[in-house]
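Residue strings, one per chain:
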Amino acid sequence: MSKGGRHAYAALSVLAAGALVLTGCSKGGSDSSDNKKEDKENAQRQQASIKFGDAADSQGPAAAVPGAKTGGTISVPQRDSIAHLDPGQIYVSNESQLAQLYHRGLTGFKATSNDGKQHEVVGDLATDAGTTTDGGKTWKYTLKDGVKWEDGSPVTSKDVRQSVERLFAPFINTGPTYLQQWLANTPGADYRKLLPDGPYKGKHLPNSILETPDDKTIIFHFKTAHPDLPYALGMVGYAMVSQKGDTKEKYDKKPVTSGPYKIQSFKSGKSMVLVKNPNWDPKTDPLRHQYVDQFNITFNQQFEDSTKALLANGSSDQTSVSFQNSVDAGNLSKVLNDPKMKSRTVKGYQPFVGQMNINLSHPAMQDKKVREAIAYALPVSPFQRAYGGSDAMDIPGGIISPTVSGYDPNFDPWGKKEKPAGDPAKAKKLLKEAGKVGMKLTFGYINSQEGQAYSTAMAAGLKRAGFDVQRQEIPAESYYDQVSKIKNNYDIFNSNWGADWPSASTVIPPSFDGRQIADGASNYSQTNDPKVNSEIDRINKITDPVKAAAEWEKLDKYIVKNLISIVPTGYFKQVQIAGSKIGGLAYDDIIAGIDPRRVYVK
């Protein structure tokens with residue numbers, strides 16, 4: 001999933017955790033051994049397996065948050081606005097995080113500790129995480145009694161069928177595609193051939209693929225085993241949509257909700273108000289609380305502005321917390337080194353990897369020496385500095401995060417750990433050999449304080465190597481919608497991708513499978529390499545997770561070092577603060593940020 005306008009773990013797979021050693025990085029913030037030790041522990045923990053809970057684990061209500069009170073209003077300053085409210089279109093971290101409050105799916109991730117570090121997969125709308133008797137080819141779910149939509153109507157298997165079948169419709173183009181591909185038994189975008197118009201012209205998936213024999217029962221049939229289905233169904237992108245309330249494209253602005261909150265108002269780019277959903281029954285929900293009366297969300301609040309307000313802790317900011325915004329770079333060391341801020345601070349390692357995409361659909365980018373020149377010239381230290389230095393980010397080597405099995409701390413093909421400011425001399429030599437000194441390079445960047453900062457410095461580094469860099473601003477709200485268009489004007493642009501569960505099968509296929517190139521898809525570099533495509537198919541068939549991780553690691557190195565369709569720019573961490581009257585504050589590993597479901601007003 002993408003960060004910042006895309007990704008947090010939507011799920012965690014049963015994988016063996018490999019050995020992990022975090023490497024050193026350039027200075028830029030506090031650099032204590034305690035912080036490094038904690039980073040290592042955070043990353044290793046997120047590689048670990050998460051069990052499936054049973055029916056007892058899936059019962060509500062959710063365990064009470066110690067000291068929690070009901071009532072009050074919480075203000076939520078967010079940098080990026082919401083582009084999508086339709087769950088089928090949600091694949092972005094900030095949207096997924098807020099959606100925890102108003103969308104529900106068949107399964108979900110239940111925190112089993114108050115620090116957000118321990119979880120299990122349980123039934124959310126379903127009675128359990130799912131049952132299979134054939135190793136994962138067939139999965140059965142039963143809906144709980146008493147689950148309702150915000151209008152009071154019951155959630156039935158007809159809604160589940162609608163939610164699944166509409167994922168094949170052409171207008172659903174920015175959400176996850178795992179389930180669709182598994183049902184169609186095909187990689188890439190060909191899954192749409194299974195039900196090209198979704199359910200909207202009267203056609204449906206046959207019972208041999210999806211059964212709904214009664215109002216409570218749902219059975220998925222796959223041709224090959226998919227033991228990760230309960231994890232995938234925990235993604236917000238697979239949350240339920242009301243059959244009766246489905247308005248196709250219009251649903252993206254006014255969905256029918258089933259969580260503890262409903263959307264009272266939404267003004268794109270400006271604000272959003274969430275109020276209590278009276279038809280949500282806590283007895284059916286093992287994941288969420290409804291402590292707060294109202295959430296007042298305002299957009300276009302930059303990291304620096306929200307940090308300064310929360311640090312000042314004025315009367316209006318004492319009941320304020322941002323679910324998205326990190327502490328800004330300028331205040332990061334101050335927050336981490338102030339003992340008084342400890343009770344108002346949460347932090348954790350995120351699964352996100354920043355990567356500068358090289359748009360292979362543009363003829364000029366087909367020249368491998370040009371791509372090599374970009375890789376050597378590109379400075380990554382500005383990217384790290386823009387977010388707060390080593391407290392906020394590690395300098396990367398590959399596209400597999402330290403939180404994912406298959407991560408290699410020693411991989412550094414472009415020498416970024418030794419020369420994080422880039423190697424313009426080597427890059428210029430390559431450009432001269434290619435006869436491309438002075439070539440124009442259009443650099444698309446996100447319109448945020450961080451984007452302004454890193455793009456300016458990165459562009460300067462590329463110019464020193466002989467490129468004529470033209471920066472183009474892209475609004476934060478629609479950034480991923482813009483860069484995911486097949487026909488866009490950008491030669492290079494950054495994106496941040498995080499694993500949906502700690503397997504590179506949720507990193508490399510979504511980002512580099514050439515058969516998934518489409519408007520709204522996450523193959524931003526438009527990589528379409530026969531070796532990558534065939535290796536994705538081969539590795540996806542490996543059932544041993546340790547062997548699969550080793551093969552994904554090899555493919556990671558091929559993409560970064562040999563194909564060069566992206567240049568990694570950073571491994572993300574997260575530090576967030578809240579007002580002094582916010583209770584229930586916890587950093588959740590699955591959400592990769594503050595858990596909005598447990599906060600309350602003191």
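All values derive from a computational prediction rather than experimental measurement.

Rules behind the numbers
- Residues numbered from 1 in each chain as written.
- Predicted model: local features only at pLDDT ≥ 70, side-chain atom pairs only at ≥ 80, totals over all residues.
- Heavy atoms only, no water.
- Helix = DSSP H or I, 4+ residues; strand = E, 2+ residues; numbered from the N terminus.
- Rg over C-alpha atoms; globule rule 2.2 N^0.38 Å.
- Buried < 20%, exposed > 50% of the residue type's maximum accessible area, 1.4 Å probe, protein only.
- Pairing = 2+ DSSP bridges.
- Expected span 1.5 Å × (residues − 1).
- Arc of directions from axis to C-beta.
- Salt bridge = Lys/Arg side-chain N within 4 Å of Asp/Glu carboxyl O.
- Axes fitted to C-alpha atoms, helices over the stretch in contact; angles between N-to-C directions.
- Lys, Arg positive; Asp, Glu negative; His and termini not counted.
- Polar contact = N/O pair within 3.5 Å; in protein donor to acceptor, adjacent residues only side chain to side chain.
- Contact = heavy atoms within 4.5 Å.
- Core = buried A, V, L, I, M, F, W, Y, C linked by side-chain atoms within 4.5 Å.
- Parallel < 35°, antiparallel > 145°, perpendicular 65-115°, else oblique.
- Nonpolar A, V, L, I, M, F, W, Y, C, P; charged D, E, K, R; others polar.
- Right-handed = clockwise from strand over helix to strand, strands pointing away.

A. A look at the overall build of the chain. When its secondary structure is counted, the chain shows 15 helices and 19 strands. For 602 residues, the compact-globule estimate of 2.2 N^0.38 gives 25 Å, and the chain sits close to it at 23 Å. Expressed as lengths along the three principal axes of its C-alpha atoms, the size of the chain is roughly 70 × 55 × 45 Å. Looking at the chain residue by residue over its 602 residues, the buried ones come to 62%.

B. View of the sheet that holds strand β15 (residues 566-577). Judged by pairing direction, the sheet is mixed, and its 6 strands sit side by side in the order β11-β15-β10-β14-β12-β13 without closing on themselves. One side of each edge strand has no neighbouring strand; the edge strands of this open sheet are β11 (393-394) and β13 (468-474). Pairing analysis gives 2 bridges linking strand β12 (residues 440-446) to strand β14 (residues 492-498), with the strands arranged parallel. Residue pairing for β14: G444 is matched across the bridge by F493.

C. Quick look at helix α11 (residues 449-464). Taking 1.5 Å of rise per residue, 16 residues should cover 22 Å, and α11 covers 23 Å from first to last C-alpha, within 8% of that figure. Among the residues of α11, those classed as buried are E450, G451, Y454, S455, M458, A459, G461 and L462. Burial along α11 is one-sided: seen end-on, the buried residues are contained in an arc of 160°. Looking one or two residues beyond α11, the residue adopting positive phi is G466, at roughly 110°.

D. The pattern of salt bridges, seen in detail. Summed over all chains, the structure comprises 30 salt bridges. Of the charged contacts, one joins K308 and E304 as a salt bridge, the two residues approaching to 2.9 Å between their closest N and O atoms. Note that K308 and E304 are positioned in helix α6 (residues 303-312) at a spacing of 4 residues, about one turn of the helix. On the basis of relative accessible area, E304 is assigned to the partly exposed category, the value being 28%.

E. The arrangement of the sheet that holds strand β7 (residues 261-267) in detail. One open sheet holds the 4 strands; their spatial order is β1-β9-β8-β7, and the pairing between them is mixed. The open sheet has two edge strands, β1 (73-77) and β7, and neither has a second partner. In this sheet, adjacent strand axes meet at a mean angle of 15° when their direction is disregarded.

F. Highlighting the pairing of strand β8 (residues 271-276). β8 sits mainly inside the fold: 5 of its 6 residues count as buried. Once β7 ends, the chain turns through 3 residues before running back antiparallel as β8, passing G269 with a positive phi of about 80°. Relative to strand β9 (residues 294-298), β8 is paired through 5 bridges, and the arrangement is antiparallel. Bridge pairing links V273 to N296 in β9.

G. Molecular detail of the environment of A578. For A578, the position within the fold is in the loop between β15 and β16 (582-583). It is 4.6 Å that separates the C-alpha atoms of A578 and V321, two residues lying 257 residues apart in sequence.

H. Region of the structure containing the side chain of K416. Note on placement: K416 falls in the loop between β11 and α10 (424-434). One buried charged residue, K416, remains without a salt bridge, the closest side chain of opposite sign being D412 at 7.7 Å. Here Y376 takes part through its backbone oxygen, which lies 3.3 Å from a polar atom of the side chain of K416. Discounting chain neighbours no more than four positions away, the residues touching K416 are A375, Y376, A377, L378, V380, I395, P396, G422 and V567.

I. Just the nonpolar core, in detail. Of all hydrophobic cores here, the largest spans 153 residues; its most connected members are L106, L179, F220, M272, F295 and F467. Per-element tally for this core: the top contributor is helix α15 (residues 545-563), with 7 residues. If we skip the residues at most four places from it in the chain, F220 touches L106, K137, T138, W139, Y141, V164, L179, L183, I209, L210, L229 and L233.

J. Focus on the side chain of D500. Following the sequence through the fold, D500 ends up in the loop between β14 and α13 (508-512). With relative accessibility at 0%, the residue D500 sits in the buried group. At 2.4 Å, the side chain of D500 and the side chain of Y91 are in polar contact.

K. Representation of the packing of helix α14 (residues 530-540) against α15 within the structure. Packing of α14 against α15 leaves a shortest axis separation of 10 Å and a crossing angle of 170°. Between α14 and α15, the angle falls in the class roughly antiparallel. Across from K531, V532, E535, I536, R538, I539 and N540 in α14, the residues of α15 making contact are A548, E551, W552, L555, Y558, I559 and L563. Classifying every residue of the contact of α14 with α15 gives 9 nonpolar, 1 polar and 4 charged.

L. Fine view of the pairing of β12. Of all 7 residues in β12, 6 are buried; the element is thus mostly enclosed. Pairing of β12 with β13 involves 7 bridges; the strand directions are parallel. Its bridge partner being in β13, F443 is matched across the sheet by R471. Between β12 and its parallel partner β13, the chain crosses via α11, and the hand of that crossover is right-handed.

M. Just the environment of K51, in detail. Looking at the element boundaries, K51 is found in the loop between α1 (33-47) and β1. Spatially, the C-alpha atom of K51 lies 9.9 Å from that of Y231, the residues being 180 residues apart in sequence. Aside from chain neighbours lying at most four places away, what touches K51 is D57, E120 and V121.

N. Examining unusual backbone geometry more closely. A cis geometry characterises the amide bond from G60 onward to P61, with omega recorded as 0°. Secondary-structure assignment places P61 in the loop between α1 and β1. Positioned with a positive phi, N300 is a non-glycine residue whose angle comes to about 65°. Inspection of the secondary structure puts N300 in the loop between β9 and α6. With a phi angle near 65°, A592 is a residue other than glycine that sits in the positive phi range.

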